[in-house]
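# Understanding the architecture of this molecule
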Amino acid sequence: MLRPLNLDFTVPLAKRWWIWLSNILFHWNWGLNPTGGSVNEQISYRIWVSAELLLGATIIATVVGISLGIYTASRQYKLADRIWQGISVFALNTHIVVAALLVVYIGISINRALNTTVFYVTGSSSFDVHGIWKFIDALQHLFLPTVSLVIVSFAGTHMLQRSLLLDNINADYVRTARAKGLTRHQAIRKHAMRTSIIPVATQIAFSIPGIFGGAVLTETIFGWNGMGRYMMETLQKNDIHGLVAVSAFGALMTAIGAILADIFVVVLDPRVRVN
Amino acid sequence: MTMQNEVSEEKVAVPVPPSKKRTSMMRLYYRRFRRNKLAVFGVFIIFGLVVFSVFGPMMTEWNYADPDFTALGAPPNGSHWFGTQKSGHDLFAQVSHGVGRSLIIGFTTSILTTLIAAMVGTATAYFGALGPAGRRMEKVMLGIINFLLIIPSFLIIALVIKGYGGSWQLLILVLVIFGWMGAARVIWSLAMSIREREFVTAARYMGVSSGKILWRHMVPNIGSLLVIQMTLGVQATVMAETSFSFLGLGVKAPDVSLGTLLGGAQDVLYSAPWLFFIPAGFLTLITLAVAFIADGLRDALDPNSSAGGRA
């Protein structure tokens, strides 16, 4: 009875460990949770739930952060720069829980004011929608959690991009570019940007596992059944196989981040050549 | 007294006669720090929060752990200044207790973490100056630090706290054990340039013991970095503590911290908004004030910082 579940105590520990490991390595079978469900099944749909949320939020935060960095760096110490700087300092020091609950509060307020459900504050999708409505429904669910993730993550990119661009904007090669007849905008975009975006790209790539960590809180607050929430559930239910799978996923994210960082550097930095 | 002298001196801007005592280092730091208005503001906020957490519980008749059954979920009023929880606990007493908890955990963890990181980081760098055997030792130490950095600390902290349930002393312990590696790496990279300096070599040839070289020659030379690192650590710890407590993995009832208060506010967000806005405001106040102070300290202590202006 216990043998098929790999829980037979008469089988030596090392052998049971090997059965567990070889199941993962050769059959891609991550085992069962305490109630007998398959971990694979849980993970396979939860990854997409998390990805839907995290990919969108990361891309928006990156685009917003870099654009703001360029915008404010070319207007150093002017009013717009000061205002955005203030907003970013505030956002950078806001806890994700505070940001998320604030966004939920505003979302509920809007819903009440309009007397209809514009934004959903829990779950990743509704059950009874089809066709084109499915897409709109997904957007309604996505909006609030994405906004709260963007709030806490755009500011780091903004500040870094701004200070790096300011270091480069007065460099000799940018002045040369201006002297050759490029407009200020072109010189910044084609010459100063190119060098200053490299560390930003590296930082974003390495922040991928961190975003996953932040998603634990976001997914808990918004009731998304993603990987972050799964981690909390496995912790609370002593679901060892599930927890191992989540940790492996975290490690995979770190690895992907590191590889992406290397790829970014090769693509963006002409001094690095790969054979 | 000294402050008044300071002010008059700066305002009049009389050139200092050469006979006058030269500006001491601390006074220079103080003057540079004071130039950053936001940082001074941050110091006052933190000071105010400490006063609030010490004297707050004495100002109200309610205790953070005792419910008032005549006022369940009451909005802020004359008797309960910040309102009450659905269970009748007075929010003012809870917040002042929670702010104290967060500050104690933040400062203790950060100071301990920085001390450990300073010792390990400088020792690792110092080994590199001791010939081939030392360099091998440095590699080994770095390997260990890197290995400790990649273990999933969030999971392990969560597991440990869950197993031993909600004491804040234990939370400090695990946060320290899993928190010093990142800082140690940063300190190592900075201490590398110090180990090559003449005074370290001279001390070594004079027969000063390794421990003394580390503590008396290397650590003070990265002191400014340590102070900044520690201040930023306070913020990171307060944030981490809030996350853990919010998820039910840190401080647990009957004890309260800002994280547990936010966790409790989640379900009654719209019906009892004061339960969210007041703790959230205090949390943001702490993190913002500490960030301002760290910014000011960087201006004051880092001579290469351009933000410092003329000194």
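In short, a report on the structure.

The rules behind each value
Residues numbered from 1 in each chain as written. Chains lettered and ligands numbered in written order. Predicted model: local features only at pLDDT ≥ 70, side-chain atom pairs only at ≥ 80, totals over all residues. Heavy atoms only, no water. Contact = heavy atoms within 4.5 Å. Buried area = accessible area lost by both parts, 1.4 Å probe. Salt bridge = Lys/Arg side-chain N within 4 Å of Asp/Glu carboxyl O. Polar contact = N/O pair within 3.5 Å; in protein donor to acceptor, adjacent residues only side chain to side chain. Helix = DSSP H or I, 4+ residues; strand = E, 2+ residues; numbered from the N terminus. Nonpolar A, V, L, I, M, F, W, Y, C, P; charged D, E, K, R; others polar. Patch = residues over 30% accessible without salt bridge, like charges linked within 9 Å, V, L, I, M, F, W, Y side chains within 5 Å. Areas by Shrake-Rupley, 256 points an atom, 1.4 Å probe, with all protein chains shown as cover. Lys, Arg positive; Asp, Glu negative; His and termini not counted. Charge placed at Lys NZ, Arg CZ, Asp CG, Glu CD. Buried < 20%, exposed > 50% of the residue type's maximum accessible area, 1.4 Å probe, protein only. Core = buried A, V, L, I, M, F, W, Y, C linked by side-chain atoms within 4.5 Å.

### What about the interface of chain B and chain A?
- Contacts between the two partners involve 26 residues from chain B, matched on the other side by 26 residues from chain A.
- Together chain B and chain A conceal approximately 2400 Å² of surface at their shared face, both sides included; 80% is due to carbon and sulfur atoms.
- Applying the counting rule to chain B against chain A returns zero salt bridges.
- Joining chain B to chain A, the criterion identifies four residue pairs in polar contact (both at pLDDT 80 or more).
- For the side of chain B that touches chain A, the secondary-structure elements that each account for two or more residues are α6 (153-164), α11 (223-246) and α13 (274-301) of chain B.
- The element best represented in the side of chain B that touches chain A is α13(B), accounting for nine residues.
- Its residues assigned to classes, the side of chain B that touches chain A shows 19 nonpolar, six polar and one charged.

### A short note on a positive patch on the surface
- A cluster of like positive charges, contributed by A:R75, A:K78, A:R178 and A:R184, occupies part of the molecular surface.
- Tracing the sequence through the fold places A:R75 in the loop between α2 (39-73) and α3 (79-92).

### Focus: the pattern of salt bridges
Residues and elements named next belong to chain B.
- Counting across every chain of the model gives seven salt bridges over all chains.
- Of the charged contacts, one joins D295 and R298 as a salt bridge, the two residues approaching to 3.6 Å between their closest N and O atoms. Of the two residues, D295 and R298 both sit in helix α13, three residues apart, roughly one turn of that helix.
- For D295, a relative accessible area of 35% gives the class partly exposed.
- On the basis of relative accessible area, R298 is assigned to the partly exposed category, the value being 32%.
- Within the structure, one salt-bridge network assembled from shared partners comprises E138, R195 and E196.

### Considerations on the nonpolar core
Residue and element names in this part refer to chain B.
- The biggest cluster of nonpolar side chains holds 97 residues, and the ones touching the most others in it are V95, V99 and F282.
- In contact with V95, not counting residues within four places along its chain, are F52, F82, L261, I278, P279 and F282.
- Counting residues in hydrophobic clusters, the runner-up holds 23 residues, among them A118, A183, A203 and I222.

### Things to note about a nonpolar patch on the surface
- Taken together, the side chains of B:F47, B:V50, B:V51, B:V54, B:F55, B:M58, B:M59 and B:W81 present a nonpolar region at the surface, about 800 Å² in accessible area.
- Relative to the helices and strands, B:W81 is located in the loop between α3 (37-59) and α4 (91-127).

By themselves, these observations are geometric and do not establish any function.
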